[in-house]
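Letter by letter, the chains look like this.
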Amino acid sequence: MITISVKEWERRKHFVQFEEEDITRLKELLPVVEKQVDKVVEQLYENFEAIPELSRILHAEEGRLEKLKRMQRAYFLQLFEGDYGSDYLNNRLKVGMAHHRINLGVDWYLGAYSMYIRLVMPIILDHYKKDPAKGQAAFASAIKIIHLDQDVAISTYLSAREEVIAEQSEEILELSTPVVQLWDGIVAAPIIGTLDSQRTQLFMERLLQTIVDTKSPVALVDITGVPAIDTATAQHLIDTINAVKLLGSTVVITGVSPSIAQTLVHLGIDLSDILTRSSLAEGLKVALKQLNLVMTTKGA
């Protein structure tokens, strides 16, 4: 989860010119909004429930709606309590996470702030109807803190989404670099797609660990699913092969297509001391032979 320091929070307040006079104006409004808070929350959620997508989210779990209303009530009052330090910041950080957990889209989230402003404005202007200038100044102060809240909550909300995407990317990366034991003493690592630095590192770690765990003297690295190869990819493969050799195991590269073979020659990559075969099946035959095993047809 994103962490916004108190220093960064103060910088953001300074940027929107949220100053002591704003705090004073908001604190003066607290008794006024306390009388209106229930009305504001009910109007807010009436608007939410009129939208089918939001209504489904609000009623997805028993008791969720009432819980959110209680949170919203506390949130609304805190806007005017006059303490905008670290506790206030932490509360706003939690708001974005809470809305992310219930799958409230960022578009609805931004719309909710717009509703808030429309509901707050008449309360403030009506209270200062005898002094319109003061009412406008108070409303401007309210806009500042609402925008600050929006900024912090949205930052947290987007950070939570990015964490989910990163976790999913990591899962996909692991699935795309499988290492399996084909036979007692033989492991296979099929590569699909291109090899970048991050994927190569994970691939190498998984391959080496599997070799150690299974005590396998032979590893088949199949590149049938690699569409093209460049100098960096070839170097990644060589680094992996050298690492496997340090463990005392042999690597057989399989799935070397004619186009990839030509590319390797063109790039000047020397694979003369590395066992290569055109298919995984051919590579398996080599591995079995190295282990002094013979595969025969049943009944032969």
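Residues numbered from 1 in each chain as written. Predicted model: local features only at pLDDT ≥ 70, side-chain atom pairs only at ≥ 80, totals over all residues. Heavy atoms only, no water.

1. Quick word on the nonpolar core
Tyr45, Phe48, Phe76, Leu79, Phe80, Ile124 and Ile145 are the most contacted members of the largest nonpolar core, which has 48 residues in total. For this core, the secondary structure elements donating two or more residues are helix H2 (20-49), helix H3 (52-58), helix H4 (64-78), helix H5 (86-101), helix H6 (106-127) and helix H7 (132-175). With 11 residues, H2 is the largest single contributor of residues to this core. Membership of the second largest hydrophobic core comes to 24 residues, among which are Val187, Phe203, Ala234 and Ile241. (Core = buried A, V, L, I, M, F, W, Y, C linked by side-chain atoms within 4.5 Å. Buried < 20%, exposed > 50% of the residue type's maximum accessible area, 1.4 Å probe, protein only. Helix = DSSP H or I, 4+ residues; strand = E, 2+ residues; numbered from the N terminus.)

2. Notes on the side chain of serine 141
Tracing the sequence through the fold places serine 141 in helix H7. Within the structure, the side chain of serine 141 is placed 2.6 Å from the side chain of aspartate 22, a separation counted as a polar contact. (Polar contact = N/O pair within 3.5 Å; in protein donor to acceptor, adjacent residues only side chain to side chain.)

3. Examining the side chain of lysine 69
Relative to the helices and strands, lysine 69 resides in helix H4. With near-sequence residues (within four places) excluded, lysine 69 lies in contact with Val41, Glu42 and Tyr45. (Contact = heavy atoms within 4.5 Å.)

4. Some words on the sheet that holds strand E3 (residues 218-225)
Pairing is mixed across the open sheet formed by 5 strands, whose spatial order is E1-E2-E3-E4-E5. Both edges of this open sheet fall to strand E1 (180-183) and strand E5 (275-277), since each of them pairs with a single strand only. Pairs of neighbouring strands in the sheet enclose a mean axial angle of 30°, with direction left out of account. Note: E3 against strand E4 (residues 250-254), 5 bridges, orientation parallel. (Pairing = 2+ DSSP bridges. Axes fitted to C-alpha atoms, helices over the stretch in contact; angles between N-to-C directions.)

5. Things to note about H6
Over its 22 residues, H6 extends 32 Å from the first C-alpha to the last, a length consistent with the 32 Å expected when each residue adds 1.5 Å. Of all the residues in H6, the buried ones are Tyr109, Ala112, Tyr113, Met115, Tyr116, Leu119, Val120, Ile123 and Ile124. (Expected span 1.5 Å × (residues − 1).)

6. Some points on a nonpolar patch on the surface
Residues Val180, Leu182, Trp183, Leu280 and Leu293 make up a contiguous nonpolar surface patch of roughly 400 Å² in combined accessible area. Examining the composition of the nonpolar patch, we find that 3 residues originate from one element, E1, more than from any other. Its location among the elements puts valine 180 in strand E1. (Patch = residues over 30% accessible without salt bridge, like charges linked within 9 Å, V, L, I, M, F, W, Y side chains within 5 Å. Areas by Shrake-Rupley, 256 points an atom, 1.4 Å probe, with all protein chains shown as cover. Salt bridge = Lys/Arg side-chain N within 4 Å of Asp/Glu carboxyl O.)

7. Notes on the pattern of salt bridges
As enumerated under the stated definition, the model contains 13 salt bridges in all. Between arginine 64 and glutamate 61 there is a salt bridge, with the nearest N and O atoms lying 3.1 Å from each other. Residue class for arginine 64 comes out buried when judged on its relative accessible area of 12%. With a closest N to O distance of 3.4 Å, glutamate 282 and lysine 285 form a salt bridge. Within this pair, glutamate 282 and its partner lysine 285 are both found in helix H11 (residues 280-290), separated by 3 residues, close to a single helical turn. Judged by its relative accessible area of 30%, glutamate 282 falls in the partly exposed class. Of the residues examined, lysine 285 reaches a relative accessible area of 53% and is grouped as exposed.

8. Focus on the environment of valine 106
Within the secondary structure, valine 106 sits in helix H6. Among all residues touching valine 106, those that are not within four sequence positions of it are Ile154 and Tyr157.

9. Thoughts on helix H9 (residues 231-246)
If you check H9, its first and last C-alpha atoms are 23 Å apart, about what 16 residues at 1.5 Å a residue would give, namely 22 Å. Listed as buried for H9 are Thr233, Ala234, His236, Leu237, Ile238, Thr240, Ile241, Ala243 and Val244. In this structure, the buried side of H9 is in contact with strand E2 (186-192), helix H8 (197-214), E3, E4 and helix H10 (258-267).

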